[in-house]
Structures are given as C-alpha cells and as structure tokens.
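# What the coordinates show
One letter stands for each residue in the lines below.
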Amino acid sequence: VQLQASGGGLVQAGGSLRLSCAASGRSIGSYSMGWFRQAPGKEREFLGAITASGMSTNYADAAKGRFTISRDNAKNTVYLQMSSLKPEDAAVYFCAAPPPSTVIPGGSVDEYMYWGQGTQVTVSS
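The following refers to the structure shown. Here the structure is a predicted model, which means the values were calculated and not measured.

### Details of the pairing of strand S4 (residues 33–38)
With five of six residues buried, S4 lies mostly within the body of the structure. Across five bridges, S4 lies against strand S9 (residues 91–97) in antiparallel orientation. Counterpart to Phe 36 in the pairing with S9 is Phe 94.

### What to know about the state of the cysteines
Counting across every chain of the model gives one disulfide. The residue that forms a disulfide with Cys 21 is Cys 95, at a sulfur-sulfur distance of 2.1 Å. Because the sign of the S-S torsion sets the handedness, a value of about 70° for the bond joining Cys 21 and Cys 95 places this disulfide among the right-handed ones. Linking Cys 21 in strand S3 (residues 17–24) with Cys 95 in strand S9, this pair joins segments that are 74 residues apart in sequence. Just as Cys 21 is buried, Cys 95 falls in that class too.

What counts and how
- Residues numbered from 1 in each chain as written.
- Predicted model: local features only at pLDDT ≥ 70, side-chain atom pairs only at ≥ 80, totals over all residues.
- Heavy atoms only, no water.
- Buried < 20%, exposed > 50% of the residue type's maximum accessible area, 1.4 Å probe, protein only.
- Helix = DSSP H or I, 4+ residues; strand = E, 2+ residues; numbered from the N terminus.
- Pairing = 2+ DSSP bridges.
- Disulfide = S-S within 2.5 Å.

So this is what it looks like as structure tokens:
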C-alpha cells in the first residue's frame, strides 16, 4: 500500500484544515488507518486512528475535541479534519496503516507498517 498525505499548508491560529491520505496499490478497505505528526526535534506523535469500516475511532489527548478522522473507502482516502488550530499543532503530518490483521490500532509507531510521506502544517499566531 502506498500512502500520500496532502492538504497541509499555512493557516492562522484558530483556523481549520482538512488533510487527506490517498492510498494506491490496493484497497485500504480492509486496513485500519492512523494519523501522526512530527514537529522538529520531537518524536512522532500519535493523533488518532480509525477502523477499516470507519465505525470506530480513537484519539490521543492532543487531538480530542479538535481533530476528527474519517474515511471514504470508495475513494480509498482517509481524512483528518483539524479545527481550532494552535501554533503548537505545526508539524509534518503523516498517515499510516498497520497490517490488515489489526482491528483497532494503537498509538505506537511500531504498530504501523505503511507510511505516507507527510504533509507540512504551519500555524501562524
């Protein structure tokens, strides 16, 4: 599975942005998916994940209440809707997929097998 995140850019604090993760190579309909971010000098941080069906999501504290993960399996795409953005949300955002046998992925980087290249999000104050 090849993943490509897009939709990043410059946004003012308090603004919103929707990131997309487009998959190619095979259908992601049987894959749970996760979103991470990495700021300069920091470790990659788990934001949240969604099950293959889209029926269940889980979020890290940093994302709860502001970020929403959704997916459209017909379009082979997963989304990360971000609102009320803060300067500390600035980072490179990645989508990732664990092995297809994973029903409910957790927040460990090691659980994920496939990674997209990332998209830069910059938040101005």
